[in-house]
Amino acid sequence: MRRQKQRGVTLMIGTMSMIFLIPLIGLGIDVGFLFAVKSKLQAAVDGGALAAARALSIGATTASQQASAQAHASNWFSANFPSGYFGTHTTAMATNNPNCSGTVVACVYNDPGNANLQHVAFTATTQVDTFFMKWFGYNYTVVGASSDATRRDVVAMMVLDRSGSMNQSSACPNLISAAKIFTGQFAAGRDYIGAVSFSDGTFLHSAPTTNFQTVLGYSNDAGTASGQLDTIQCNGGTGTPEAIAIAYDQLAKTNLPGALNMIMFETDGLPNTMVFNWWDSANNVAGLANTSGCKDANAKTIAGGGFNSIGALPNWTNGHTMSSTAYNNVPKGIVASMYSYDPWQGFGFYLAFNPWQAGVNTANNSIYLGASSPGCQWQGGSLTTNITDLAWTPLQDVYGNQMNPATNPFQGSVTTVNGAGSTKYLSLAGSTQTQWTNYHKGVLNATDNAAYQVRTNNNLPAYVFGIGLGGNCTPSCTAANRTGDPPDYILMQRMANDPNADLYNTPPNYSSCSSEPTCVTYGGQPQGTFIFSYNKQQLVQAFLSISSQVLRLSH
Amino acid sequence: MLAFFLVPTFLWMFINSMNMIRMIEATEVTRDIGNQYIHGVDYTTYEAQAVAQKLAGGFGLQIGSSYAGNNPYNDGNSGTGSNAWIVVAEIMFVGNQSCAALPMGTTCTNQNKYVFLQWADFGNKSLQINGVQVASALGTPNLTLCTGNTQYPSCDINSNGMTLQYLVDANAQATNAASFFQTQLSDGQVAYVAETFFASPDLNFSSYPAGGIHSINFF
């Protein structure tokens, strides 16, 4: 009897448990869907915020840049979160942020602790229908996601090679177009861009300015305008170390450590020119050979007792005032730039030029200083001489770029000659070939060192991005088609501190830094990018690739 | 009798929940890979792909033996049982100004089109979900890798996945990219994309998401 009464109890309990089990299962299913939607919504909002931060570069005014950011947030969000995704509805991009009045698609605001940092706050919500919970009156649930992306302002100095080889390969117009497209990628009124161009001297087109599109010129989807960049004419040598220093001097003067500071360096050849002060102020001696006919301010040669004090020095050049405290001012005196042949030309030098150019047309390039260095046997007429007037050359140029740095010299140590005390100079002894080889090593080392100093400055470490233009005869140059030596790709990778610099190296023209024993990069320093431009037509692609990299880094 | 009802219910719930969890994970993996990509991680290197493999732990992403240097097509890992295929790409809209960079007289084949600036994929390109071979939602580019001294037009992309002539190379077109954007991108504007495919052969009897997961994220 008792067993008969118990029969069916399990069914009854099981049925009653359904009252609890089904809602629990339903809750599990519904919550699972909610999390799936939430996850997708979050990814969509993240993508929208990052695209919006990048879009702060688009527009000529701050207002248009903010509008651009909002439009991009919306466009990217809808690409990531299609209408009706998972049955969602009433999706809204509605950001309420105390830094913006009212509800906006995305809120753009300045970081309270860094004037050079902008935030983009982006929030979206959507309604997710429930499957089971609607039985209990919950027809839908609102799911929301927020994201905050940042964009640092960019302070960039373009360092553009306008040497003679750029002219001979007819790459000058391509360089100008590419540089203007580069400036067109950044935020006018917000980012700071300036430019120097260099041959055997340097011309400062503009310090970094937020008005760069007007000053330098630009090209982008909104239009194009002419500026300083359009005035560039190509002619002369390749004074890379000086150009890097003059450019960084402007970054240091602008002094915005909260921004992304960078040098955008383009060249089609090897560095071959540096600026020296041949007066050793520590030991009060001039670097002139005893056979030199150069005369000092008292018309005395060095063998005749001249050049024996700073007061007796002639003024080959009148010095140069630097803009920042990162460099010492260059004094007047026996200061000039010294050009050496490119390897394909053979061995020789060309002295002496004014390093500070008043303009960029050919009349301002290669200003020979024969007239201001009376008696010196500077070879002004041809490229076929050795150095007869100099006894030595300082181991650093007037900007402090080291030809024989203590650690990791790119070309190894140069041959030095002892001066008074512990002083050493770059040796110019031996045959023309020996002189040239030693000097050429030193120039390459100094160029590498110039970039090293930019990256390691304690107050304002900056990125170095590089573009090497391969030239028309790359990869195989013949005497007939040669217009110069191509850039040293190992040097360029070292300067950019880029271990993987082979983005456009097709067909392979050089090895990546990581596989070259002489290519040293440093993990703790800003890592830029080196781009190989196979020919002048690819310069635009190379410049755009760099701007794309910079805009990645800036947020 | 109760078991007839409860067992299928719990089974259905378990499978659906597992697939839902996988879907959430897939979305997050896609987002993380894309976030790394936009910040400069080079997914043509084995090291970066190994990081993605760890991110996608549990999805069966296999990337084969390690290699040195760069390879944009480490996607033949079907023999290793890889259940995943990953694509990262940078696309750009080519407008009039971009075409102006070409030498006079050169036809700008890709004018007013979206193109791949970079393409890299890894894992198992032969992956099938519900019996259908996976394909990128951006369109399937026919980008031949340049090796040795070959160059465009014999090939299209280098070992870094960069398209060498994106203005004139019709193979570089991202044919379906336009369908994702409500507003056409402006000239020269880029978007970064991460796309993942994860097959679920062991959970292939649920109503949704059946057989596998596809996730795509634009940055």
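Thresholds, definitions, all that
Residues numbered from 1 in each chain as written. Chains lettered and ligands numbered in written order. Predicted model: local features only at pLDDT ≥ 70, side-chain atom pairs only at ≥ 80, totals over all residues. Helix = DSSP H or I, 4+ residues; strand = E, 2+ residues; numbered from the N terminus. Buried ≥ 20, exposed ≤ 12 C-beta atoms within 10 Å, placed from the backbone. Contact = placed C-beta atoms within 7 Å. Domains from an automatic or database assignment. Axes fitted to C-alpha atoms, helices over the stretch in contact; angles between N-to-C directions. Parallel < 35°, antiparallel > 145°, perpendicular 65-115°, else oblique. Left-handed = near helix turned anticlockwise from the far one by under 90°. Nonpolar A, V, L, I, M, F, W, Y, C, P; charged D, E, K, R; others polar. Core = buried A, V, L, I, M, F, W, Y, C linked by C-beta atoms within 7 Å.

K.L.:
Honestly, the overall build of chain B in this entry has me stumped. Any pointers?
P.N.:
A count of helices and strands for chain B gives three helices and seven strands. Each of the three principal axes of chain B carries a C-alpha extent, and together these read 80 × 40 × 30 Å. A total of 219 residues make up chain B; the buried ones form 50% of that total. When contacts within chain B are restricted to residue pairs at least 6 apart in sequence, long-range pairs at least 24 apart make up 72% of them.

K.L.:
Sorry, what's going on with the domain arrangement of chain A here?
P.N.:
Accessible area lost upon the coming together of the parts is a frequently used measure of interface size. Residues and elements named next belong to chain A. Annotation of chain A at the domain level lists domain 1 (8–152) and domain 2 (154–271 + 447–553). Here the C-alpha centroids of domain 1 and domain 2 sit 41 Å apart. Between domain 1 and domain 2, the contact holds twelve residues from the first and 14 residues from the second. Mapped by element, the contributors of at least two residues to the side of domain 1 that touches domain 2 are α3 (62–80) and β5 (114–129).

K.L.:
I keep staring at the packing of helix α8 (residues 432–456) of chain A against helix α9 (residues 489–496) of chain A and nothing clicks. Help me out?
P.N.:
Residue and element names in this part refer to chain A. For the pair α8 and α9, the least separation of the axes is 8 Å and the interaxial angle reads 25°. One element, α8, and the other, α9, form an angle in the roughly parallel class. Crossing handedness for the pair α8 and α9: right-handed. Residue-level inspection shows Leu444, Thr447, Asp448 and Ala451 of α8 in contact with α9, the latter providing Leu491, Arg494 and Met495.

K.L.:
Help me understand unusual backbone geometry, please; the structure alone is not making it clear to me.
P.N.:
Phi is mostly negative for residues that are not glycine, and the peptide bonds are mostly trans. The omega angle of the peptide bond from Leu351(A) to Ala352(A) is -20°, so this bond is cis rather than trans. Here Ala352(A) shows up in strand β17 (residues 349–353). In this structure, the amide linkage connecting Tyr152(B) to the following residue, Pro153(B), adopts the cis form with an omega of 10°. Tracing the backbone through its elements, the reader meets Pro153(B) in the loop between β5 (132–133) and β6 (190–199). The backbone of Thr90(A) sits at a positive phi, close to 55°, despite the residue not being glycine. The residue Thr90(A) is located in strand β1 (residues 89–93) in this model. A positive phi angle, close to 55°, is found at Phe307(A), a residue other than glycine. With respect to the helices and strands, the residue Phe307(A) is situated in the loop between β15 (285–286) and β16 (335–340). The class of Phe307(A) is buried, set by 27 C-beta atoms lying within 10 Å.

K.L.:
Would you mind going over the environment of Ser197(A) with me for this structure?
P.N.:
Residues and elements named next belong to chain A. Its location among the elements puts Ser197 in strand β8 (residues 192–198). Take Ser197: there are 29 C-beta atoms within 10 Å of it, and that puts it in the buried class. Sequence spacing of Ser197 and Pro82 is 115 residues, and the spatial spacing of their C-alpha atoms is 48 Å. When near neighbours in sequence (up to four residues on either side) are disregarded, Ser197 contacts Leu160, Arg162, Phe203, His205, Ile232 and Val360.

K.L.:
Sorry if this is basic, but what is going on with the interface of chain A and chain B here?
P.N.:
At the junction of the two partners, chain A supplies 38 residues and chain B supplies 41 residues. Elements that contribute at least two residues to the side of chain A that touches chain B include exactly α2 (9–55), α3, β10 (218–220) and α10 (539–553) of chain A. Counting residues per element, the side of chain A that touches chain B draws most heavily on α2(A), which supplies 15 residues. Within the side of chain A that touches chain B, the residues separate by chemical class into 17 nonpolar, 16 polar and five charged.

K.L.:
What is the right way to read the nonpolar core from this model?
P.N.:
The nonpolar side chains of a soluble globular protein tend to be buried, and buried together. The biggest cluster of nonpolar side chains holds 217 residues, and the ones touching the most others in it are Ala73(A), Val159(A), Ile263(A) and Ile91(B). If one sorts the elements of this core by residue count, α2(A) sits on top with 13 residues. Split by domain, this core shows at least three residues from each of two domains, domain 1 (8–152) and domain 2 (154–271 + 447–553) of chain A. With sequence-adjacent residues up to four places away left out, Val159(A) is seen in contact with Val196(A), Phe198(A), Ala243(A), Ile244(A), Ala247(A), Ile263(A), Met264(A) and Phe265(A).

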